[in-house]
Structure formats: structure tokens, C-alpha cells
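# Remarks on the overall topology
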Amino acid sequence: MAVAMKAGGGGRTLLSMELPHAVIPRSQSQIRIKPSGTTFIFNPSFSVKPNHRQLVFVTRAADSTQPSSSASVSISNNSNKTVIPDPEFTLAKVSFGVIGLGLGVSLLSYGFGAYFNILPGSEWSAIMLTYGFPLAIIGMALKYAELKPVPCITYSDAEALREKCATEILKQVRNDVIRFRYGDEQHLDEALKRIFQYGQGGGIARRSAPILQKIREEVTEDGKYSLVLVFQAKSLELSDFEKRQAKFASFFGPGIRAEIRKDENDLYEVYLVSETAS
């Protein structure tokens, strides 16, 4: 028996199979089945040796009418650049609230345990309770007023230009937002207050203030160092940032030009580009 599969449109043979003659009697006529444009032909008149099977694959060019499976991929300018981790350890990157609260709770716990003779060192229990209580209170206060650092993405080419091209103000901005702060409502609070003029004529409401989400260090197409501030501002429009573009350049200047963009995630990007040549 021969089994052949033919694709519609040109009658190309895709699969040919031969099975023993005894499977289908010779007297049966040829059967054709056509599901969805594909033809299956059973030809019982084909005679082969018993217990002999032959499987043949015949390749043909694909139909030009079929859609291509390849898709174009958009590659960003920074996709082939290396992101540099920040291995530097400083106390500014440590939460004093966590440290104070941890020490205070530890001293209080051990002090109470020693006082009730559950733990050794009962003669030191009074000192541990005396210092543990204020440490725990201070730790809780710092934890409550804590402002966590924002993520910083640094590309290798930007790191090489930072020391030579970044202005002192840009370096200070970077260092301020990647460390813990205490008492501030948000990062760059003073700068945003002056630029967006909270509660003043022509300004915005304090509740609509943009919130810094992350920063990036990258190199522009013309080879300039750029510090990118990425804000979330659900109540603002791109025009609210664009009309304050000169204020961004003035506040973080001198030697700075500002560019405003909006990315696909509805985040607003403020590019602070250093005019210092490399």
C-alpha cells in the first residue's frame, strides 16, 4: 500500500509511505480525503513485498503565500552596553533605622531574659535595659523617617566619562539619591519644589509632585555624559515637564542642558547632559 500526502496549491508531495499489500485488498478503489486543502491518497493497487515498509520524505519549497515566522526586533541604543555594578560600600548605603532597631531590640530581649534569670548575665541586665530602650526608640524613629535609595543603572562608557565630564552638581545629585536619607519626603525634594513651584501661581499641587523612580548614567549620541532622572507623575503631562525644561537646566547648572522625554511605561525622563567635552 502506498500512502501519499499532497499539499494543496501545486500538488506537492510531502509524505510517501508504503505498507504491506495485505493491509488493504486490491479490489478496493482509490480513496481520497481532503481535509482543509490537504489530500490523502490511499492506493491499494500498489504491490510491495510483505512486511516491507518504506517511509520517504520529499522536501519542496514553501508556498510563497504562507506568512513568514520571522519577526523584527527593535534594539535600543543601550542594549549592547555593559551595566556596571556599584561595589562601593559606604555607611550612607546602610539603614541606620535597621541598625538602631536591631541593636535596641536585641539588648531589650537579652536584658529581660537576664533579669528573669532565663539567660546568664543578670548583673548586666540593668545596663542592657537602660541602653536597649532608647536605641529601639531611635531606631523606630529613623525607620519611620527613612527614604530608601533609588536604583542607579550605570553603563560602562558613562562610568569612564563620569570623573572627567560630569559636573560637581551632577556627581552630588547621583550620590544623594543612591543613599538613605532621613526626614525628606522624597529625593530631590528641594529641587522639585523650586522647579514645579508647589502651591504657587503657575505651579502644581504638592500631591501631584513627580516621584523619582531611578537614575541612569549613559552617553548621548554626540558623546556627552548624561545623568537621566526617571520620574513617575500620574497627575502630570509631558507638557508640564517640557515647559520647565529651562528650569531643570538652570537649577542643575551651570554647564548643563536638559532634555525631556516620555518612555513607553508612562515615566518621564529628564536628561541632564553635561556640556563638558571629553
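For the chain, an unreviewed UniProt entry supplies the name Thylakoid membrane protein slr0575 and the organism Papaver somniferum.

Attention shifts here to the packing of aromatic side chains. Under the defined criterion, the tally for this structure stands at 8 aromatic pairs. Seen in terms of ring centroids, Phe 196 and Phe 241 are 5.4 Å apart; in terms of plane orientation they differ by 80°. Their pairing is edge-to-face. Of this pair, Phe 196 sits in helix α5 (residues 189-196) while Phe 241 sits in helix α6 (residues 238-242), and the two are 45 residues apart along the sequence. Here Phe 196 and Phe 248 contribute two aromatic rings whose centre-to-centre distance is 6.0 Å and whose plane-to-plane angle is 80°, an arrangement assigned as edge-to-face. One end of the pair, Phe 196, is in helix α5; the other, Phe 248, is in helix α7 (residues 245-251), with 52 residues separating them in the sequence. Phe 196 sits in the buried class, given a relative accessible area of 0%. Put simply, the rings of Phe 196, Phe 231, Phe 241, Phe 248, Phe 251, Phe 252 and Tyr 268 pair up and form one aromatic cluster. When the ring centre of Tyr 271 is taken as origin, the NZ or CZ atom of Arg 261, which lies over that ring, is 4.4 Å away.

In this section: the packing of helix α1 (residues 96-115) against helix α2 (residues 125-144). At a closest axis distance of 7 Å, the pairing of α1 and α2 adopts a crossing angle of 150°. For the element pair α1 / α2, the angle class is roughly antiparallel. In this structure, α1 crosses over α2, and the sense of that crossing is left-handed. Looking at the contact of α1 with α2, its residues break down into 19 nonpolar, 7 polar and 1 charged.

Turning next to the pattern of salt bridges. This structure, assessed with the given rule, holds 20 salt bridges. Salt-bridge contacts for Arg 181 lead to Asp 176; the nearest nitrogen and oxygen are separated by 3.9 Å. Here Asp 176 falls in the buried class, since its relative accessible area comes to 19%. The salt bridge involving Arg 261 is made with Glu 259; its shortest N-O contact spans 3.5 Å. By sharing partners, the salt bridges in this structure join Asp 222, Lys 224, Arg 257, Glu 259, Arg 261 and Glu 275 into a single network.

The next subject is the sheet that holds strand β10 (residues 225-232). Here 5 strands make up an open sheet; going across it, the order is β7-β9-β10-β12-β11 and the pairing mixed. At either end of the open sheet lies a strand with only one pairing partner, and these are β7 (152-154) and β11 (256-262). Looking at each pair of strands side by side, their axes are set apart by 20° on average, direction ignored. Strand contacts of helix α4 (residues 168-177): β7, β9 (211-219), β10, β11 and β12 (268-274), with the helix running at about 40° to β10, the strand carrying the most contacts.

Annotation from UniProt places "transmembrane region" (unreviewed entry) at residues 94-118 and 124-142. The span residues 94-118 carries 80% helix and 0% strand; its end-to-end C-alpha distance comes to 33 Å. Helix makes up 95% of residues 124-142 and strand 0%, and the two end C-alpha atoms of the span are 27 Å apart.

As a further point, take the environment of Leu 142. Looking at where Leu 142 falls in the secondary structure, it is placed in helix α2. In this structure Leu 142 comes out as partly exposed when scored by relative accessible area, which is 27%. A C-alpha to C-alpha distance of 4.5 Å links Leu 142 and Gly 97, two positions 45 residues apart in sequence. Filtering out sequence-adjacent residues up to four positions away, Leu 142 remains in contact with Phe 96, Gly 97 and Tyr 182.

With that out of the way, let us pick up the side chain of Asp 240. Structurally, Asp 240 is set in helix α6. Buried within the structure, Asp 240 lacks any salt-bridge partner; its nearest side chain of opposite charge belongs to Lys 243, at an N-O separation of 4.1 Å. At 2.8 Å, the side chain of Asp 240 forms a polar contact with the backbone nitrogen of Glu 237.

To continue, consider α2. For α2, spanning 20 residues, the distance from its first C-alpha to its last is 28 Å, which sits close to the expected 28 Å at 1.5 Å a residue. Where α2 is buried, its residues touch α1.

Moving on to the pairing of β12. Where burial is concerned, most of β12 is hidden: 7 out of the 7 residues are buried. Inspection of the sheet shows β10 paired to β12 by 6 bridges, in the antiparallel sense. By the bridge assignment, Leu 229 is partnered in β12 with Val 270. The pairing of β11 with β12 spans 7 bridges and is antiparallel. Paired with Ala 258 across the bridge in β12 is Leu 272. Two successive antiparallel strands, β11 and β12, enclose a turn made up of 5 residues, where Asp 266 displays a positive phi of approximately 60°.

Scoring rules and cut-offs
- Residues numbered from 1 in each chain as written.
- Predicted model: local features only at pLDDT ≥ 70, side-chain atom pairs only at ≥ 80, totals over all residues.
- Heavy atoms only, no water.
- Phe/Tyr/Trp six-rings, centres within 6.5 Å; stacked < 30°, edge-to-face > 60°.
- Helix = DSSP H or I, 4+ residues; strand = E, 2+ residues; numbered from the N terminus.
- Buried < 20%, exposed > 50% of the residue type's maximum accessible area, 1.4 Å probe, protein only.
- Lys NZ or Arg CZ within 6 Å of the ring centre and 35° of its normal.
- Axes fitted to C-alpha atoms, helices over the stretch in contact; angles between N-to-C directions.
- Parallel < 35°, antiparallel > 145°, perpendicular 65-115°, else oblique.
- Left-handed = near helix turned anticlockwise from the far one by under 90°.
- Nonpolar A, V, L, I, M, F, W, Y, C, P; charged D, E, K, R; others polar.
- Salt bridge = Lys/Arg side-chain N within 4 Å of Asp/Glu carboxyl O.
- Pairing = 2+ DSSP bridges.
- Contact = heavy atoms within 4.5 Å.
- UniProt positions renumbered as here; feature names shortened; annotations may be inferred.
- Lys, Arg positive; Asp, Glu negative; His and termini not counted.
- Polar contact = N/O pair within 3.5 Å; in protein donor to acceptor, adjacent residues only side chain to side chain.
- Expected span 1.5 Å × (residues − 1).

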